[in-house]
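# Structural characterization, general
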Amino acid sequence: TNLQTESEQGNVMIEGSLKNMQEIDAKILLENLKIGQLLNLKNIATGTTASAEASILGSLPNKESQAKLQARGILNSLVFNTYEHRNIPFSATLDGEAIGAKVKIEEPNGFAEIDLQTSKQQEKRVLTCLATFKDFAPHKMNLTKKFEGEYFSGHIDADFQNLDLNNLQGKLLLTGLELNSEINEKQEIGDVTLNSEITRKGQHIVVQSDFLNIKADGNFNWKTLPTSFIWPVQQNLPNLFTTSSKHQHPYGNDFRFFVQVQDTVIAKRLLGLSLHIPQKSTFEGTINDAIGQNAIQIDIPQVTFSGQRLQNINCRIETGNTALQTSLQGERIMKGKPILLNIDAYAKADKVTSRLRWNNNSTKANTGDVSITSIIRNDPTTGAIVDAKINNSNIVISDTIWDIKPATIKYHNKIIDVENLCISQADKHINIGGRISNQASDTLKAELANIDVSYIMDLVNFHKVEFDGSITGSIYATSVMEKPFADAFLQVKDFTFNSANLGNMDLYANWGKQ
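Just so it is clear, the structure is predicted and the values come from calculations on it, not from any experiment. (Residues numbered from 1 in each chain as written. Predicted model: local features only at pLDDT ≥ 70, side-chain atom pairs only at ≥ 80, totals over all residues. Heavy atoms only, no water.)

This brings us to the overall build of the protein chain. A count of helical and extended segments in the protein chain gives four helices and 34 strands. For the protein chain, the spread of C-alpha atoms along the three principal axes comes to 100 × 55 × 50 Å. Residue burial in the protein chain is summarised as follows: out of 514 residues, 36% are buried. Within the protein chain, residue pairs in contact and separated by at least 24 positions form 37% of the contacts whose partners lie at least 6 positions apart. Of the roughly 30,300 Å² of accessible surface on the protein chain, a fraction of 54% belongs to carbon and sulfur atoms. Here the protein chain holds 50 positive side-chain charges and 57 negative ones, and the gap between their average locations is 3 Å. (Helix = DSSP H or I, 4+ residues; strand = E, 2+ residues; numbered from the N terminus. Buried < 20%, exposed > 50% of the residue type's maximum accessible area, 1.4 Å probe, protein only. Contact = heavy atoms within 4.5 Å. Areas by Shrake-Rupley, 256 points an atom, 1.4 Å probe, with all protein chains shown as cover. Lys, Arg positive; Asp, Glu negative; His and termini not counted. Charge placed at Lys NZ, Arg CZ, Asp CG, Glu CD.)

Shown next as structure tokens:
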């Protein structure tokens, strides 16, 4: 029997025999088959095409028996996201519910050999997989936009007796993992193991590696897990959510977890994160959908994020149907000196009460204790509206007490309005008001009167050179959320540089303008 079809979707040619409508012995030739369109694949897979030749031998299914087939061939061409793979040998088997496949890729951008076997046993999908990768470059193959210039090597050994994520059973072993690069040095990742088993108490999951360790015990519903975190927030701050974005009560999650991060060098290299955690840090907690309560404890001895160094971080987050509570303590390192930070927040019935405290623990004190009360409303058209009131507070700058007058900050429709924010001490003050948005027509204005330059230098802890004097004037900032720029019109009285008196100075400066 010969069968040949030609169409815009590609060409298919079959040559062989079919006995008793069951026994098949055939050769198949595919030319430029547009499998991306035929299978309705999305995004980068839409334009996938394939050319292949294969032989098929075995029996088709009927009322009395299941299919039993063997296939072997060459994938002459596979174009995925404009990258073409050539001459890939493969074989496959089908024996009832059991499916097997082997494939081998050898090309300049990597080597991969995969042996995959899956079957159905007692209504559970079983999977085993053995794979080897060597100098495999997914970015060069257009498989991802990430990992540019990176080559992966290692072995995969997977054996799962149940692929249902909510009842996952089995193990995954990644060994000999290495990361090579055209520009970075070779990185040995080491071994990573995942074990998951079902016990009387639920699922028990363990992940072990040199850089990350995870333990979790209980009942899981991975699909609703994000909602498990969102639901208590929605219960206490419902006006943050529009009607269309509100979630149903989650179910199925009742577990305890422990995560230990030991090194983020690999994550920083692969994901481009501006985050570095050099010491063992822990994240642990409990999730309980039935009563809508979560508790998370975070302890990080040291972290650098976007160039900012923090240490001795201790954070406790408790969420429930009746209230949300957060407590954060830590130290921010500025010019080698720690600044103690404390943040506490309590939320209930669309009201958030928060308190921010800091202390430099120095002979020249810089401390603060500021409380903010926020009310959340909802506009059906624009969404959430947050009215924040800064309560009357005191801060200390260079041993001098400053008063923060009551002020309001309003957030609505991606706009922030600031009203009457005033920090003052005797005849000195900073008044801030206006609007923060992405519009060039919206301006945030800061008025300064008799502000000592030394105060500013103390706040930023900059003393490599000495500036002094008294500043009066105005600063205007526009388009703050889009392409921020600012104009400053200042008068500096008795300006000194490294103890040299330069007299009075009129200063105009701008930032962000060409």
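The next thing to look at is the pairing of strand S11 (residues 169-181). Of the strand pairs in this sheet, strand S10 (residues 150-162) and S11 are connected by eleven bridges, and their pairing is antiparallel. Residue pairing for S11: Ser-153 is matched across the bridge by Glu-178. Between S10 and S11, which pair antiparallel and follow one another directly, the connecting turn spans six residues. Bridge analysis of S11 against strand S12 (residues 187-199) gives eight bridges, and the strand direction is antiparallel. Across the sheet, the residue bridging to Leu-179 is Gln-187, located in S12. (Pairing = 2+ DSSP bridges.)

Counted by the stated rule, this structure contains 13 salt bridges. Here Glu-106 ties to Lys-104 by a salt bridge, and the two come within 3.9 Å at their closest N and O atoms. Since its relative accessible area comes to 56%, Glu-106 is described here as exposed. Assessed through its relative accessible area of 30%, Lys-104 is described here as partly exposed. (Salt bridge = Lys/Arg side-chain N within 4 Å of Asp/Glu carboxyl O.)

Along the chain, Asp-452 turns up in strand S30 (residues 443-452). The buried charged residue Asp-452 lacks any salt bridge, with Lys-428 as its nearest oppositely charged partner at 4.4 Å. Discounting chain neighbours no more than four positions away, the residues touching Asp-452 are Lys-428, Gly-469 and Ser-470.

Within the structure shown, the criterion is met by seven aromatic pairs. Aromatic side chains Phe-220 and Phe-255 sit 4.6 Å apart centroid to centroid with 25° between the ring planes, which places their arrangement in the stacked category. Of the two residues, Phe-220 sits in the loop between strand S14 (212-219) and helix H2 (225-236) while Phe-255 sits in strand S15 (residues 254-261), which places them 35 residues apart along the sequence. Across the pair, Phe-255 and Phe-220 agree in class, each one buried. (Phe/Tyr/Trp six-rings, centres within 6.5 Å; stacked < 30°, edge-to-face > 60°.)

A few words on H2. Along H2, the residues that are buried comprise Leu-225, Thr-227, Ser-228, Trp-231, Pro-232, Gln-234 and Asn-236. Contact partners of the buried residues in H2: S15, strand S17 (281-288), strand S18 (293-305), strand S19 (308-319), strand S20 (324-334) and strand S21 (337-348).

Quick look at the layout of surface pockets now. Of the volumes computed, that of the second largest pocket is approximately 600 Å³. Lining the second largest pocket are 25 residues, with Ala-52, Leu-75, Leu-78, Phe-90 and Val-103 positioned closest to its centre. By residue number, the principal contributor to the lining of the second largest pocket is strand S4 (residues 49-59), which donates five residues. Taken together, the residues of the lining of the second largest pocket break down into 21 nonpolar, two polar and two charged. (1 Å grid on protein atoms, 1.4 Å probe; cavity = no way out; pocket = protein on both sides within 12 Å on 5 of 7 lines; lining within 4 Å. Points joined across faces, edges and corners; volume = space filled by probe spheres on them. Nonpolar A, V, L, I, M, F, W, Y, C, P; charged D, E, K, R; others polar.)

In short, shape yes, function no, at least from these values alone.
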